Amino acid sequence: MSVLILIDHADGHIKKASFEALTYGADIAQQNGMAAEALLLGTVTDDLATLGKYGVTKVHQAGNTAFNQLDVQVYLKAITEAVNATGATIIVLAHNQTGKALAPGISAALKAGLVAGAIALPDTSNGFVVKKAVFSGKAFANVNINTAIKVISLSPNSYKVTVGQGIATVQELNLTPLPASIKITAVDKVSGDVPLTEADIVVSAGRGLKGPENWGMVEELAKTLHAATACSRPVADSHWRPHHEHVGQTGVQIAPNLYIAIGISGAIQHLAGVNRSKTIVVINKDAEAPFFKAADYGIVGDAFEIVPKLTEEIKKMHNA
Amino acid sequence: MRILVCISKTPDTTSKIVFKDGNTKFDETGVQWIINPYDEWYALVKAIELKEKDPAATIHLITVGSADCEPIIRKALALGGDEAIRINSDSTDSYFIASQIAAIAQAGNYDIIFTGKETIDYNGSSIGGMVAALVNKPYISLAASFALNENTATIIREIEGGEETCELSLPAVISCQKGMAEQRIPNMRGIMAARTKPLKVVEPVAAEALTSIVSFELPVAKAGVKLVAADNVAELVRLLHEEAKAI
Ligand SMILES: Cc1cc2nc3c(=O)[nH]c(=O)nc-3n(C[C@H](O)[C@H](O)[C@H](O)COP(=O)(O)OP(=O)(O)OC[C@H]3O[C@@H](n4cnc5c(N)ncnc54)[C@H](O)[C@@H]3O)c2cc1C
Ligand SMILES: Nc1ncnc2c1ncn2[C@@H]1O[C@H](COP(=O)(O)O)[C@@H](O)[C@H]1O
């Protein structure tokens, strides 16, 4: 009986969302008197023994480079074999793009109940109940997993990473990959930027900015805060910004520590994508903008004056 | 070419979310139902575009839901699609729903199964991946573009911080998101035609529910916004640093 945490990686590095999943999985193991182990398919340059710091005692690695590309069929066969080999009964992974591709398949292949997008530790006082956001963040559901084997994908930015002292043993797991079911012909990464779903801070702007030529000050503020940039739907629809920046009910759903909304009215469909942010700051020239009702801090005023000043004041604070 | 499009019904995006029966059930009073936006705007319209290029293609719609789904299915048929199948069950368990779709998919020999990227009510982003595993076919999630050349599909999918182009041979299961197609509005001819298109009602196959919703909760209301004067941006920075500890 163990908790098996799947490690997601790209370009040789483990993703931030996986550190959250590791801490979360290790805490579930502790809560239930189980061992916490990790599974890594493919190869990374990071030192796997250091994953012990997040609470796992063992890292199983199937170090075949064929696993460095996400091919769902290939992954599913390897993961089910690893689950059988390790005797894991709880499988934890990040609810990021990779997790969304894999978790449902793992659930179906193992006939194991899945909670997709968990935001808290399971409540095991009466069954095995996991909390997740529903209605696009407008509510939460407590979902019981009815099966002996359980799959949980953890919503990014929902669980605090804790770092301890341990060192994990790394064990080679001999898994033979299936022939590829897909061929990846191009990868197009927005280089240098912080991925939106992983970002601690997100600076977002809407139609109030009037046109794409005015995004310089938004990017400058984001850079100063090491933040990702986002936008409202009409901004992406008008091609002022790339569509992967569109947040909201029909875009990306995020839960950063800090969300700064500039010139966005705060329509209910926009809020649905950002309402789980810990702190929300709204800058809008209209005091009646609905976004102020969902905000923690706000400034009523002209973005073109306030945003550059905000960047300047943050730089001052960093230098102080 | 045979295409199966998975259609689900969700509350209108502006719906107020209220629960009843001691927070165990979603209160449907006064709720306007719509086709889940990802299913309508992207999955269905992409299927229609493929049929416009290849008139020999057939589009079947499938929904797992009770009779109150029928207006939604008729609207989907009005947009396009040749016939619809409704599996008569109001289960909300993803595995149960996926099992129903997989049973139809197996029997129907489809080349493409399109789903939306997620439902905006239960937010499972699960059905597509489960169906793919159940029918043992390749799965591409979060597809933002899809082009077909003979039997080879070229798909752009979203990955963290970017996009990846992949090629695969059909059949496959694909979850669709923004970028796949442009939203369309049904026209009068489509609405008239939809009235006479076949809508088959099928009883569910046996399948387990692997999960069950115990209760719902609403988020704790915010304390209220703290406004800072426009000429005092330094104060906002101080609050974010010292009080919110966010920067
Ligand atoms: C089914 C459906 C799904 C949708 N999904 C989404 C979604 O996922 N995400 C999303 O964002 N929207 C979504 N929408 C659209 C949503 O309803 C709103 O139309 C949209 O969010 C508005 O974008 P906005 O706030 O940028 O623009 P506007 O509503 O035009 O607001 C612009 C704001 O900028 C302010 N402003 C103007 N000038 C300045 C200035 N100089 N300084 C400061 N402030 C200024 C104005 O006061 C105003 O509040 C959806 C709609 C539907 C029907
Ligand atoms: N009850 C249902 N009937 C048919 N298709 C569904 C149903 N529920 C979900 N789907 C499809 O699966 C996709 C993902 O849903 P979900 O996994 O619930 O987020 C949706 O966008 C639909 O295309």
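Residues numbered from 1 in each chain as written. Chains lettered and ligands numbered in written order. Predicted model: local features only at pLDDT ≥ 70, side-chain atom pairs only at ≥ 80, totals over all residues. Heavy atoms only, no water.

### A word on unusual backbone geometry
At step 1: The amide bond that connects Leu 170 of chain B to the next residue, Pro 171 of chain B, takes the cis arrangement and shows omega of 5 degrees.
At step 2: Examined against the element boundaries, Pro 171 of chain B turns out to sit in the loop between β11 (162-169) and β12 (172-176).
At step 3: You will see that Asp 11 of chain A, though not glycine, has its phi angle at about 50 degrees, which is positive.
At step 4: Even without being glycine, Asn 157 of chain A reaches a positive phi, approximately 65 degrees.
At step 5: As for its position among the elements, Asn 157 of chain A is in the loop between β10 (150-154) and β11 (169-172).
At step 6: On the accessibility criterion, Asn 157 of chain A (10% relative accessible area) is buried. (Helix = DSSP H or I, 4+ residues; strand = E, 2+ residues; numbered from the N terminus. Buried < 20%, exposed > 50% of the residue type's maximum accessible area, 1.4 Å probe, protein only.)

### A few points about the sheet that holds strand β6 (residues 58-64) of chain B
At step 1: Pairing within the open sheet is mixed, and its ten strands lie in the order β12(A)-β11(B)-β10(B)-β9(B)-β12(B)-β8(B)-β1(B)-β6(B)-β7(B)-β13(B). Edge positions in the sheet fall to β12 (183-189) of chain A together with β13 (199-202) of chain B, since each has one partner strand and no second. Put simply, the sheet's adjacent strands are angled 30 degrees from each other on average, direction ignored.
At step 2: Bridge count for strand β1 (residues 2-6) of chain B against β6 of chain B is five bridges, and the pairing is parallel. Among the inter-strand pairings, Ile 3 of chain B is bridged to a residue of β6 of chain B, identified as Ile 59 of chain B.
At step 3: Of the strands in this sheet, β8 (112-116), β9 (139-149) and β12 of chain B touch helix α4 (residues 127-135) of chain B, which is tilted by about 180 degrees from β12 of chain B. (Pairing = 2+ DSSP bridges. Axes fitted to C-alpha atoms, helices over the stretch in contact; angles between N-to-C directions. Contact = heavy atoms within 4.5 Å.)

### Points about the site of ligand 1
Residues and elements named next belong to chain A.
At step 1: Around ligand 1 lies a shell of 28 residues, among which Arg 207, Ser 232, Ser 265, Gln 269 and Asn 284 are the nearest.
At step 2: Protein burial of ligand 1: of its 990 Å² of free accessible surface, 80% is covered by the chains.
At step 3: Of all the secondary-structure elements, those providing two or more residues to the shell around ligand 1 are α5 (233-237), α6 (268-274) and α7 (303-319).
At step 4: For the shell around ligand 1, a count of residues per class yields seven nonpolar, 15 polar and six charged. (Near = heavy atom within 4 Å. Areas by Shrake-Rupley, 256 points an atom, 1.4 Å probe, with all protein chains shown as cover. Nonpolar A, V, L, I, M, F, W, Y, C, P; charged D, E, K, R; others polar.)

### Focus: the domain arrangement of chain A
Size of an interface: often given as the accessible area lost when the parts come together.
Residues and elements named next belong to chain A.
At step 1: Once the domains are mapped, chain A shows domain 1 (2-172) and domain 2 (196-319).
At step 2: Computed over C-alpha atoms only, the centres of domain 1 and domain 2 are separated by 31 Å.
At step 3: Taken together, the contact pairs 14 residues of domain 1 with twelve residues of domain 2.
At step 4: Taking both partners together, domain 1 and domain 2 bury about 1000 Å²; carbon and sulfur atoms supply 38% of that area.
At step 5: Seen at the junction of domain 1 and domain 2, the total is one salt bridge.
At step 6: Among the ionic pairs, Lys 16 bridges to Asp 200, the shortest N-O distance being 3.5 Å.
At step 7: Seen at the junction of domain 1 and domain 2, the total is six residue pairs in polar contact (both at pLDDT 80 or more). (Domains from an automatic or database assignment. Buried area = accessible area lost by both parts, 1.4 Å probe. Salt bridge = Lys/Arg side-chain N within 4 Å of Asp/Glu carboxyl O. Polar contact = N/O pair within 3.5 Å; in protein donor to acceptor, adjacent residues only side chain to side chain.)

### Here's the deal with the UniProt feature "binding site: FAD" (unreviewed entry) in chain A
Residue and element names in this part refer to chain A.
At step 1: UniProt marks Arg 207, Ser 232, Arg 233, Gly 263, Ile 264, Ser 265, Gly 266, Ala 267, Ile 268, Gln 269, His 270 and Asn 284 with the feature "binding site: FAD" (unreviewed entry), using the numbering shown here.
At step 2: Tracing the backbone through its elements, the reader meets Ser 232 in the loop between β14 (228-231) and α5.
At step 3: Mapping Gly 263 onto the fold places it in the loop between β15 (258-262) and α6. (UniProt positions renumbered as here; feature names shortened; annotations may be inferred.)

### What about the pattern of salt bridges?
At step 1: Inspection of the entire model under this criterion finds 27 salt bridges over all chains.
At step 2: For Glu 217 of chain B, the salt bridge goes to Lys 131 of chain A, with nearest N and O atoms at 2.7 Å. One end of the pair, Glu 217 of chain B, is in strand β14 (residues 211-217); the other, Lys 131 of chain A, is in strand β8 (residues 129-134), on a second chain.
At step 3: Judged by relative accessible area, Lys 131 of chain A falls into the partly exposed class, the value being 23%.
At step 4: The partner of Lys 9 of chain B in a salt bridge is Asp 68 of chain B, with the nearest N and O atoms 3.8 Å apart. Highlighted residues: Lys 9 of chain B in strand β2 (residues 9-11) and Asp 68 of chain B in the loop between β6 and α2 (70-79), separated in sequence by 59 residues.
At step 5: Judged by relative accessible area, Lys 9 of chain B falls into the buried class, the value being 17%.

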